[in-house]
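One letter stands for each residue in the lines below.
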Amino acid sequence: MSKKAVLSFFIYFFVFVLTVEWLKPVIELTDTDHLYLFSLYLFISFLFYFIRLKWYYAAPIKIVFICWVIISIYTDLSFISSDAFAYLIEAIRVNTVALISREWLEVTNPFRTFLFFLLLWMTTYLLNYWIRVRKNILLFFILTILFITILDTFSPYNGEKSIMIALISGFIAMGLLYAQRVGTENKEQAKTPLLLGGIGSLVAILVISGALAFILPKAGPTWPDPVPFFTAAKPSASSEEGGNGSGVHKKVGYGENDENLGGAFVADDTPVFTAAVPTRQYWKIETKDTYTSKGWILSNTEAKISSYNLGESIQSDITPGEEERTATASVSMLQEYPFVMQPYGIKQVDALEPFTLSWNETNQKLSTFNGGSAVPITNYDVAYSEPVYSLKALRNTKIESLDSLTSEFDRYLQLPETLPTRVRELATSITEGDGNLYEKAKSIERYFKQNGFRYNEELAAIPEGNTDYVDQFLFDTKVGYCDNFSTSMVVLLRSEGIPARWVKGFAPGEIVEREDSIPIYEITNNNAHSWVEAYFPNIGWMTFEPTIGFTNSANLNYDLDIQTDELEAPKQTPAPTPKKPEPAKERTEVSEKLTKVLSDSINWVLDRKATFIWIIIGLAFFGLLAYRFRRKWLSKVLIPLYRTRKDDWDSFEKMYHQLLKQLHAYGYVKEQGQTLTDYATQIDGYFNGNHMKQLTSVYERGFYGGNKVEVDYPLMRESWENLINQLSS
């Protein structure tokens, strides 16, 4: 096989790879399947073009292959049987009638497959034309990259690997085409070692750089992801509180329906209640236990209801703190809700209004009743003592203790069967190396603050089709609000076998005044919030706050000074427990720094965007002027540029090609089939001289005859400059 054939083979091969990467998302997103059959068809087509098989041989073979594929996919018939032939004839008849009568829905799947093959046929024909005649596939290359990246951004298709393969294949094919084009124009083939070295270095550079780009850490997104914005603003988003409606955005606030999370929120600063309370509190309303891959519902667990009168001690599954830490929160409701806003460590409720309390152990909701009917209560006092957790006990939570959990915790470990495997793998990688359950939970809580996640109520995505809500947030968007962060943490905890539940309520709000030195907090609809409770054996339920920008740290007793045995003397304070390394932070340190630099740079540009816009407009204007009057200044650039080069054949050859390029640009086009000598005579006729003939004579003697030494290069430079100057004038 000749060097030209080898070069052509590799060009067709890499164009084939590029076309397959274009084909993959089409097959995946349309559920067409049988990618290998369509890829085989592409391979056969490019092979025929490579060996230059005559069309009257290639076309029948392709048609037979297409028919064989249709028979194989849609029937159980033998391809060489008369029944298969009759099936094809009938399919052609039925679909022809449907097309003529414009009954588009009557077109059958086999015929659609046939049309898709025809599309591939036309595509390969066009690519062959670009390879053989134009020797340039830049347009197809650019369109393929745009096609894959757009689908990767706006559809469930993951094009990360496809983009890399397409980039490498496209650049290699373009480089080989350029080498082929240069050889054809100069009518000279490169020597084998030089050709192999050039191709090898091109492939090596692209493969190595592509692999490094794929493997090395990458900065997080600097600009907002546009997908969540579009998905959040779709008409199916709810305009009601927690329900499904036809509005564009959901209204922020508390709602009971959490089956479909996601989408943008409209801010609402309407006050819900005020609370005179000594310290900031998270106000718990209820919990939910079943994650559906789209949102939360309550399981079918039989509700356990306990009733309490005012002033009676309430038995919650979160044990209050010490008696001396008991405080009172005076709540004044501004909206009507038939339940109590619970601070953590609730002990009892008092009020002037008569009502009874109903505690639902299934969802932790404390409802208010009067005469058997749910009633909203305007003012009430809640006695509470915030729980305090022993840090020593938390650090002694054993992973093995999870095996002793009773069946009542099964609902807090529930995960949908459709949960993507990579979510569980992420949970394992985050907690890898953690020696106890508390450290695992803290690692997951910190993960969101260290890995490029952003809090934004406008750009939260709505998962489409079979897309999992948590998977989309963790791997695709990384943009959302409390529901995204809290739901993701619950799922990650459950993936590691730690019982967890999703909590809804209100964040602390803002201090609006003080009464007898006690702050009064105003809580609005904007403060509606969700967070996480995790269960540790022998410890109980404990709160966690994964949402960026929010703080809800549990009260810890730093009891790490371990008392020694009486026989040991003297007592010593053990060294502080070294801080657990944070692998996620180390892994992303480079990415975070690069992200910060990019973010600062973008912000700097955005702060001066008006200036930059005028600069761009000015540069575009001067660019147009420069292009319009390029004849006036081109010689002043080209001549000094080439005067810096040596007087040798390499410089002369480049000067001659540059002259041909400029002549073509100025309208002196060399006609197809015209020899250089005839063209030179024509040019000299235009300019009334013989400079072009002298340059062309030297070029032909050197290029075809190898006479590259006995040349008066200074004289040739003068002739070249003379022609360039004449062009400019």
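Described below are features of the structure shown in this document. All figures in this text were calculated on a predicted structure; none of them were measured in a lab.

Thresholds applied
- Residues numbered from 1 in each chain as written.
- Predicted model: local features only at pLDDT ≥ 70, side-chain atom pairs only at ≥ 80, totals over all residues.
- Heavy atoms only, no water.
- Helix = DSSP H or I, 4+ residues; strand = E, 2+ residues; numbered from the N terminus.
- Buried < 20%, exposed > 50% of the residue type's maximum accessible area, 1.4 Å probe, protein only.
- Contact = heavy atoms within 4.5 Å.
- Areas by Shrake-Rupley, 256 points an atom, 1.4 Å probe, with all protein chains shown as cover.
- Polar contact = N/O pair within 3.5 Å; in protein donor to acceptor, adjacent residues only side chain to side chain.
- Pairing = 2+ DSSP bridges.
- Salt bridge = Lys/Arg side-chain N within 4 Å of Asp/Glu carboxyl O.
- Expected span 1.5 Å × (residues − 1).
- Axes fitted to C-alpha atoms, helices over the stretch in contact; angles between N-to-C directions.

**Quick word on the overall build of the chain**
Secondary structure assignment for the chain yields 21 helices and 22 strands. The buried share of the chain, taken over its 729 residues, is 43%. Restricting the contact set of the chain to residue pairs at least 6 apart, pairs at least 24 apart contribute 73%. Entry remark: accessible area of the chain is about 39,500 Å², with carbon and sulfur atoms responsible for 59%.

**Focus: the side chain of Lys504**
By the secondary structure assignment, Lys504 is in strand S17 (residues 500-506). Within the local environment of Lys504, its side chain forms a polar contact with the side chain of Asp258, the two groups lying 2.8 Å apart. Once you skip the residues sitting within four places of it in the chain, Lys504 turns out to touch Tyr254, Gly255, Glu256, Asp258, Trp283, Lys284, Ile285, Glu286, His529, Ser530 and Trp531.

**Details of the pairing of strand S18 (residues 510-515)**
In this sheet, strand S19 (residues 518-524) lies alongside S18 in antiparallel orientation, the contact comprising five bridges. The partner of Glu515 across the bridge, within S19, is Ile518. What sits between the antiparallel neighbours S18 and S19 is a turn of two residues, in which Asp516 has the positive phi angle 55°.

**As for the sheet that holds strand S11 (residues 365-370)**
Judged by pairing direction, the sheet is antiparallel, and its four strands sit side by side in the order S7-S10-S11-S12 without closing on themselves. What marks the edges here is a single partner per strand, and that holds for strand S7 (305-308) and strand S12 (373-374). Pairing analysis gives four bridges linking S7 to strand S10 (residues 356-360), with the strands arranged antiparallel. Among the inter-strand pairings, Ser306 is bridged to a residue of S10, identified as Trp359.

**Things to note about the pattern of salt bridges**
Should their charged atoms come close, side chains of opposite charge can pair. A complete count under the given rule lists 18 salt bridges for this structure. Among the ionic pairs, Arg422 bridges to Asp476, the shortest N-O distance being 3.8 Å. Within this pair, whereas Arg422 is found in helix H11 (residues 421-431), its partner Asp476 is found in helix H13 (residues 469-477), the two being separated by 54 residues in sequence. Its relative accessible area of 32% is what places Arg422 among the partly exposed residues. On the accessibility criterion, Asp476 (45% relative accessible area) is partly exposed. Measuring nitrogen to oxygen at the nearest pair gives 2.6 Å for the salt bridge that ties Glu533 to Arg501. Here Arg501 lies in strand S17 and Glu533 lies in strand S20 (residues 528-536), a separation of 32 residues in the sequence. Arg501 sits in the buried class, given a relative accessible area of 0%. Linked through salt bridges whose partners overlap, the residues forming this network are Asp258, Glu286, Lys288 and Lys504.

**So, helix H12 (residues 437-450)**
In an α-helix, one full turn covers 3.6 residues, which means residues spaced three or four apart are oriented alike. In a regular helix each residue adds 1.5 Å, so 14 residues correspond to 20 Å; H12 covers 20 Å between its end C-alpha atoms and thus fits that length. Taken across its 14 residues, H12 has eleven buried, putting it largely inside the fold. Every buried residue of H12 is listed here: Leu437, Tyr438, Glu439, Lys440, Ala441, Ser443, Ile444, Glu445, Tyr447, Phe448 and Gln450. Its side-chain oxygen at 3.1 Å from the backbone nitrogen of Tyr438, Asn436 defines the N-terminal cap of H12. Following H12 by one or two positions, Gly452 has its phi on the positive side, about 80°.

**Details of helix H2 (residues 35-50)**
The terminal C-alpha atoms of H2, which comprises 16 residues, lie 22 Å apart, in line with the 22 Å expected from a rise of 1.5 Å per residue. Taken together, the buried positions of H2 are Leu37, Phe38, Ser39, Tyr41, Leu42, Ile44, Ser45, Phe46, Phe48, Tyr49 and Phe50. Directly after H2, the chain includes Arg52, whose backbone phi takes a positive value near 60°.

**Brief notes about the sheet that holds strand S21 (residues 540-544)**
Within a sheet, adjacent strands bond to each other through the backbone by hydrogen bonds, running parallel or antiparallel. Overall, antiparallel pairing links the four strands, which are arranged S4-S17-S20-S21 in an open sheet. Across the chains shown, the open sheet's two edge strands, defined by having one partner strand only, are strand S4 (283-288) and S21. Across the sheet, the axes of successive neighbouring strands diverge by a mean angle of 35°, strand direction being ignored. In the sheet, S17 pairs with S20 via seven bridges, with the strands oriented antiparallel. Residue pairing in the sheet places Lys504 in a bridge with Ser530 of S20. Sitting on the sheet, helix H14 (residues 482-495) touches S17, S20 and S21, and the angle it makes with S20 is about 15°.

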